[in-house]
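Listed below, chain by chain, are the residues.
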Amino acid sequence: MCGIVGYLGPEPAYPILIDGLKRLEYRGYDSSGVATVEPGGEMSVHKRQGKVANLEAHIGAGVPQGTVGIGHTRWATHGPPSDRNAHPHLGGNGKIAVIHNGIIENYEALKELLTHRGHDLTSDTDTEVLAHFIDEVHRSTGLDLPDAVRVALKEVVGAYAIVVLDESQPDRLIAARKSSPLVVGIGENNAFYVGSDATPIVGYTKNVIYLEDEEVATMGRDGSLTIRTIADAVVTPEVHEIEMEIASLEKAGFDHFMLKEIFEQPKSIRDSIRGRIRLQSGEVMMSGIDDHWAKWEQAERILILGCGTSWHAGLVAEYLFESFARIPVEVEYASEFRYRKPVIRDTDVVLAISQSGETADTLAAIRLAKEHGAHIFGVCNVVGSSIARESDAGAYTHAGPEIGVASTKAFTAQVAVLTTMAMHLGKRLGKLNDQAFMRLMTGLDNIPDLVQQVLDNASAVEHIAAQFAQAENALYLGRGYQFPVALEGALKLKEISYIHAEGYPAAEMKHGPIALIDENMPVIFIATQDDVYEKVVSNIQEVKARGGQILAIINDGDTKVRALADHVLEVPKVHEALSPLLTSVPMQLLSYHIALMRGCNVDQPRNLAKSVTVE
Ligand code: F6R
């Protein structure tokens, strides 16, 4: 989704803005732009459809010199991608520039009012309406711009993270947010940085303030910072130190972030369980659960909320929690849950799973659940993100920044954390005996090494990918713990290679999808030797009888499925509850190689955004 970067300080803003825009590319975008106030005092605005490279080419050698500026990557909501619709947008006869993430829901009413008052709007966007509306309030009330922003935002319905640049006041920058994240970085020599996340900031400073909803920050060139709510209450800023290293935002010699992140999984899984599983004392440490034990002990239900890949991790958790802790689990798409008058009780524990911690639907769903008294536990990757901060308790996945739009290491980190949680609950609730617990504990501890083994065989996947690269459809089938893996495998393929793919529980195949099978249909089975292995073998037979091309993910040394399948990829045999951590890895590699062979942009697939911060 859209990205924001801003700078005010002693240095020329443009290189910082361009560097920031490149760091924000991972979020998904279709156009970009920058505005600065130049040394002569005039506003300079450049924007272009397409990649940041187009913007740079358009600007050429005459780069802006101003020491205050804003930059934006746009992911179209109102109006198609174009130079005209790209941000920044101008109000006040070109004197006020605004960049905006989010959606202004009442923009049509505001636009009508503005048109009536003689404003001339030239784009299709809600952001231009906001720029003019701020100017209208500024001029009609005579308020200083930060106050005018505050008053204007009181009238705005919807989500926004905005930064406002004023030609007449190049010594200050104004930023505000509601339901869309915004981070203010405090640098050396009175410099300020603004970002929709920490990625454009972290190369310059580690000290940040996370703006809260309905807060307006005014930064001054003298290093002053004031934060007020839109209701005009003064807020004392809380400075946080971010741990992210700039090196974690680089490709480190890999061709793509996605490949790097796939190969990082032994480390990211290890980091996510480190300190939590204690082999020597035979216990799991999970303070987010223990500090609120009464909530878990009385929980009549665990409600898991998430979207996309995080929802798939939630489905794995359903098997884990029901099996180990014997608590009923429901897994919901956050987007559906929030709009269907769900029954929520104060005896529910709500588990919100989100890599970014900013997904608009998941955030809205936990707010709804909170209103009904449920206990909210967040499983997020991005430290300080909105979902993490709004949860009552939580456990971070320590996967490190995930830049590839297709989620890979975040998924396995989520599953690893959810596994430790389920084990811990099972043990504390007396549902998992010591022997089973210890077996799982040693098994989980061994997983990073086994993922490394799978990765050491990555070249085998590349060879198989070549057989499927021209497919138009694919079917992914699995049962039990492998059903969510099948869904995740299909999602990975469709999102980066644009091949239509479906994930199904293997037994459901006979209730419809079997009609699709012919000699052109690749069918990917996850056929590990678990409780439902024999059933899956029968399903494989059924596909084979109809001529489907079978790729099976099997356990090392499985000769039965090897004899049936056209292609196999082996993973080590582990406890079935731990196997998604291994079987999902060849799925990721398969999608990656197929997408590459089809010439797709692996890290920034079309139309997709890394973090879906609008509904
Ligand atoms: C798929 C993918 C998305 C996200 C989804 C939720 O590869 O990345 O489906 O999983 O948008 O995002 P988070 O986890 O940030 O809430």
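Residues numbered from 1 in each chain as written. Predicted model: local features only at pLDDT ≥ 70, side-chain atom pairs only at ≥ 80, totals over all residues. Heavy atoms only, no water.

Novice: So, the pairing of strand S18 (residues 301-306): which residues are in play, and what are the values?
Specialist: Of all six residues that make up S18, six are buried, and the element is covered over most of its length. Alternating positions in S18 separate into two faces, Arg301, Leu303 and Leu305 on one and Ile302, Ile304 and Gly306 on the other, with burial throughout. Pairing of S18 with strand S20 (residues 348-354) involves five bridges; the strand directions are parallel. Among the inter-strand pairings, Ile302 is bridged to a residue of S20, identified as Val349. The β-α-β motif built from S18, the intervening helix H10 (residues 308-324) and the parallel element strand S19 (residues 329-333) has right-handed crossover chirality. (Buried < 20%, exposed > 50% of the residue type's maximum accessible area, 1.4 Å probe, protein only. Helix = DSSP H or I, 4+ residues; strand = E, 2+ residues; numbered from the N terminus. Pairing = 2+ DSSP bridges. Right-handed = clockwise from strand over helix to strand, strands pointing away.)

Novice: Describe in detail empty space enclosed by the protein, supporting the description with residues and values.
Specialist: Applying the stated criterion to the full structure yields three cavities of 30 Å³ or more. The computed volume of the largest cavity comes to approximately 70 Å³. Cys2, Arg74, Trp75, Thr77, His78, His87, His100, Asn101, Gly102, Thr125, Asp126 and Thr127 are the residues that line the largest cavity. With three residues, the top contributor of residues to the lining of the largest cavity is strand S6 (residues 96-104). Residue composition of the lining of the largest cavity, grouped by class: two nonpolar, eight polar and two charged. Size it by volume and the second largest cavity reaches roughly 50 Å³. For the second largest cavity, the full set of lining residues is Phe468, Ala471, Asn473, Ala474, Tyr476, Leu493, Ile499, Pro522, Ile524, Leu590 and Ile594. Those elements giving two or more residues to the lining of the second largest cavity turn out to be strand S23 (473-478), strand S25 (522-526) and helix H20 (580-597). (1 Å grid on protein atoms, 1.4 Å probe; cavity = no way out; pocket = protein on both sides within 12 Å on 5 of 7 lines; lining within 4 Å. Points joined across faces, edges and corners; volume = space filled by probe spheres on them. Nonpolar A, V, L, I, M, F, W, Y, C, P; charged D, E, K, R; others polar.)

Novice: Run through the site of the ligand, naming residues and quoting values.
Specialist: The full set close to the ligand counts 14 residues, and Ser310, Ser354, Ser356, Thr359 and Glu495 are the nearest of them. Side-chain polar atom of Ser356 to an oxygen atom of the ligand: 2.7 Å apart, as the coordinates give it. Contacts to the ligand include Glu495, whose side-chain N or O atom sits 2.6 Å from an oxygen atom. When the ligand sits alone it has 400 Å² of accessible area, and the protein chains cover 92% of it. (Near = heavy atom within 4 Å. Polar contact = N/O pair within 3.5 Å; in protein donor to acceptor, adjacent residues only side chain to side chain. Areas by Shrake-Rupley, 256 points an atom, 1.4 Å probe, with all protein chains shown as cover.)

Novice: Kindly report on the packing of aromatic side chains, identifying the contributing residues and their values.
Specialist: Scanning the model with the defined rule gives six aromatic pairs in all. Ring centres 5.0 Å apart and planes at 10 degrees place the aromatic pair Tyr193 and Tyr204 in the stacked group. A residue pair is termed long-range when its members are at least 10 positions apart, and Tyr193 in strand S10 (residues 192-195) and Tyr204 in the loop between S10 and strand S11 (207-210) qualify at eleven residues. We classify Tyr193 as buried; its relative accessible area is 8%. (Phe/Tyr/Trp six-rings, centres within 6.5 Å; stacked < 30°, edge-to-face > 60°.)

Novice: Lay out the nonpolar core with the relevant residues and their values.
Specialist: In this structure, Trp296, Phe321, Leu418, Met421 and Tyr476 are the most contacted members of the largest nonpolar core, which totals 90 residues. Counting residues domain by domain, this core receives three or more from each of domain 2 (250-456) and domain 3 (458-603). Look past the residues within four positions of Phe321 in its chain and what remains in contact with it is Ile302, Ile304, Arg326, Ile327, Val329, Leu351, Leu418, Met421, Ala422 and Leu425. (Core = buried A, V, L, I, M, F, W, Y, C linked by side-chain atoms within 4.5 Å. Domains from an automatic or database assignment. Contact = heavy atoms within 4.5 Å.)

Novice: Summarise helix H1 (residues 13-24); cite the residues concerned and give the values.
Specialist: Between the first and last C-alpha of H1 there are 16 Å, a value that for twelve residues agrees with the 16 Å anticipated at 1.5 Å per step. Of all the twelve residues making up H1, nine are buried; the element is thus mostly covered by neighbouring parts of the structure. Within the sequence span of H1, burial applies to Ala13, Tyr14, Ile16, Leu17, Ile18, Gly20, Leu21, Arg23 and Leu24. Packing partners of the buried residues in H1 comprise strand S1 (3-8), strand S2 (31-37), helix H2 (52-59), strand S4 (68-74) and S10. (Expected span 1.5 Å × (residues − 1).)

Novice: Could you give me a rundown of the pattern of salt bridges, with the residues and numbers involved?
Specialist: If you walk through the whole model with that rule in mind, you get 35 salt bridges. Residues Lys178 and Glu214 are paired through a salt bridge, measuring 3.7 Å at the closest nitrogen-oxygen approach. Here the residue Lys178 occupies a position in strand S8 (residues 172-178), and Glu214 occupies one in the loop between S11 and strand S12 (215-220), the gap between them amounting to 36 residues. The partly exposed category is assigned to Glu214, whose relative accessible area is 31%. Of the charged contacts in the structure, one is a salt bridge between Asp213 and Arg367, with a shortest N-O distance of 3.3 Å. Residue Asp213 is located in the loop between S11 and S12, and its partner Arg367 is located in helix H12 (residues 360-371); the two are separated by 154 residues in the primary sequence. What makes Asp213 partly exposed here is its relative accessible area of 26%. Overlapping salt bridges, with partners in common, bring together Asp147, Arg150, Arg228 and Asp232 in one network. (Salt bridge = Lys/Arg side-chain N within 4 Å of Asp/Glu carboxyl O.)

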